[in-house]
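# Structural overview
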Amino acid sequence: MTKKLAIIGGTGLAELEGVEVLGQKKVTTPYGEPSGPIVEGQYDGKKVLFLARHGNPHRIPPHEVNYAANIYALKQEGATAIIAVNAVGGIEGVMGPAHVVIPDQIIDYTHGRKSTYFEGEMDSVNHIDFSYPYSESVRQMLIKAAEIHDVAYSDYGVYGCTQGPRLETAAEVARLERDGCDIVGMTGMPEAALAAEQEIDYACLALVVNWAAGKTESIITMEEIEQAIDEGMGYVKKILIEVINS
Ligand code: HPA
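Cut-offs applied
Residues numbered from 1 in each chain as written. Predicted model: local features only at pLDDT ≥ 70, side-chain atom pairs only at ≥ 80, totals over all residues. Heavy atoms only, no water. Helix = DSSP H or I, 4+ residues; strand = E, 2+ residues; numbered from the N terminus. Expected span 1.5 Å × (residues − 1). Buried < 20%, exposed > 50% of the residue type's maximum accessible area, 1.4 Å probe, protein only. Arc of directions from axis to C-beta. Contact = heavy atoms within 4.5 Å. Polar contact = N/O pair within 3.5 Å; in protein donor to acceptor, adjacent residues only side chain to side chain. Near = heavy atom within 4 Å. Areas by Shrake-Rupley, 256 points an atom, 1.4 Å probe, with all protein chains shown as cover. 1 Å grid on protein atoms, 1.4 Å probe; cavity = no way out; pocket = protein on both sides within 12 Å on 5 of 7 lines; lining within 4 Å. Sits in = over half its atoms within 2 Å of the grid points. Nonpolar A, V, L, I, M, F, W, Y, C, P; charged D, E, K, R; others polar. Core = buried A, V, L, I, M, F, W, Y, C linked by side-chain atoms within 4.5 Å. Points joined across faces, edges and corners; volume = space filled by probe spheres on them.

### So, helix α2 (residues 136-148)
- Here α2 is 13 residues long and its end C-alpha atoms lie 18 Å apart, about the 18 Å a rise of 1.5 Å per residue gives.
- Of the residues making up α2, those classed as buried are V138, R139, L142, I143, A145 and A146. For α2, the angular spread of buried residues about the axis comes to 165 degrees, placing them on one side. Counted as exposed and oriented over 90 degrees from the buried face of α2: K144, E147 and I148.
- Where the residues of α2 are buried, they touch β5 (81-90), β8 (153-154), β11 (201-211) and α5 (222-245).

If you want it as C-alpha cells, here you go:
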C-alpha cells in the first residue's frame, strides 16, 4: 500500500508555499475542532495533506492545541504517514540555530494535555508499544532528503517536550541535558503518542530556532528566533518537497 502523507506545520510553517492547493476541508471529530482545515495539496502530481498546528494565522499556544482532534482529523482524511515540523531549542553542542534535527527519541514533560484516545468506557485496557516513538521508515525518508539537499542536520536526538508556553529556566535545561535531551520543544507530545495510537507512521522534522536557556550568555529573544526561522525554514521546505516528490 502506498503512503498517504500528511504534514503538520509548526511555528514558522503555517502553509506550504510551492505546493498547489487543491482544496481545504473543515473536519469535525468526536474530540472537538482541529486547529484548522485540512489542506489538500499537490506537488508535481503528488498529493499531500497539510495542517497548521497552531492555526493559520498562528494563534493557538502549544498547551492549547487540540492534538487529539488534529491526529483524528488526519486519520479520517486517510493519512497513513505524518511528518511533524517542530521549532525547538538546541541543547546538544552541534544543534545550534538553523540546524535541522530528525530525532529518534522523546521524553515527555508535559501535563494536563489529552494524551490518549483510550479512556472512558472501553472493552479492554490498551497499552501501545512506544519504545521507539518515531517511524523509522519516515525518519529514513527525511534523512535521505536532508542528504540530497546538503542540509546541516542530525539524524538522532532526544526531544524533551516541555509544557510551555514560557521558555525554560537555565536549571530546567541543565536537568533536561542530564536526562539526555538534545533538543527541547513544546509540541512533540502528546502528538507522537496519539499518532501511534491511531497506527499512523509518524516522524519529527525539528528546526532549532535558538540555543536553549542557559546554553549561551545571552537571554533568548524573539528577534533571534525569527532570524533562525527565516534561515532554517528554507532547509525544512526543501526536505519536505523532496519527500513529497519521492
Ligand atoms: N524551549 C522550548 N520550546 C522551544 C524553544 C525552547 O528553547 N525554542 C523553540 N521552541
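### Some words on the side chain of T29
- Residue placement: T29 occurs in the loop between β2 (20-25) and β3 (38-43).
- Overall, T29 belongs to the buried group, its relative accessible area being 12%.
- A distance of 2.9 Å separates the side chain of T29 from the backbone nitrogen of Y31, its partner in a polar contact.
- At a separation of 2.8 Å, a polar atom in the side chain of T29 contacts the main-chain carbonyl oxygen of G32.
- Setting aside its immediate chain neighbours within four residues, T29 contacts P34, A69, Y72, A73 and Q76.

### Details of the site of the ligand
- In the vicinity of the ligand, the residues found are A87, V88, G89, L167, E168, V184, G185, M186, V209 and N210.
- At 3.4 Å from a nitrogen atom of the ligand is found a main-chain nitrogen or oxygen belonging to A87.
- At a separation of 2.7 Å, a nitrogen atom of the ligand approaches a polar side-chain atom of E168.
- Within the complex, the protein chains bury 92% of what would otherwise be the 260 Å² of accessible surface of the ligand.
- Under a 2 Å grid-point criterion requiring more than half of the atoms, the pocket assigned to the ligand is the largest pocket.
- Elements with a contribution of two residues or more to the shell around the ligand: β5, β10 (183-185) and β11.
- Top element by residues in the shell around the ligand is β5. It accounts for three residues.
- Across the shell around the ligand, the residue classes break down as six nonpolar, three polar and one charged.

### Looking at the nonpolar core
- Counting 36 residues, the largest nonpolar core has I7, I83, L205, I239 and L240 as the members making the most contacts within it.
- Where this core is concerned, the elements lending two or more residues are β1 (5-9), β4 (46-52), β5, α2, β11 and α5.
- No other element matches α5, which puts 10 residues into this core.
- If sequence neighbours within four positions are ignored, I83 has contacts with L5, A6, I7, I8, V138, L142, A203, L205, L240 and V243.

### Brief notes about unusual backbone geometry
- Put simply, N56 and P57 share a cis peptide bond, and its omega is 5 degrees.
- On the secondary structure map, P57 appears in the loop between β4 and α1 (67-76).
- A cis geometry characterises the amide bond from G164 onward to P165, with omega recorded as 0 degrees.
- Among the secondary structure elements, P165 is positioned in the loop between β9 (158-161) and α3 (170-179).
- You will see that D44, though not glycine, has its phi angle at about 55 degrees, which is positive.
- With respect to the helices and strands, the residue D44 is situated in the loop between β3 and β4.
- Taking the relative accessible area as the measure of exposure, D44 reaches 60% and is therefore exposed.
- Within the chain, E199 stands out as a residue other than glycine whose phi angle is a positive 55 degrees.
- With respect to the helices, strands and loops of the structure, E199 is situated in the loop between α4 (191-197) and β11.

### Some points on the layout of surface pockets
- There is about 480 Å³ of room inside the largest pocket.
- Along the walls of the largest pocket sit 26 residues, with T11, A87, L167, M186 and I225 positioned nearest its centre.
- Of all the elements, α5 adds the most residues to the lining of the largest pocket, at four residues.
- Residue classes in the lining of the largest pocket are distributed as 15 nonpolar, eight polar and three charged.
- Roughly 300 Å³ of volume is contained in the second largest pocket.
- Lining the second largest pocket are 20 residues; nearest its centre among them are A14, Q24, V39, F50 and N56.
- When contributions to the lining of the second largest pocket are tallied by element, the ones reaching two or more residues are β2, β3 and β4.
- Among the elements that take part in the lining of the second largest pocket, β4 stands out by supplying four residues, more than any other.

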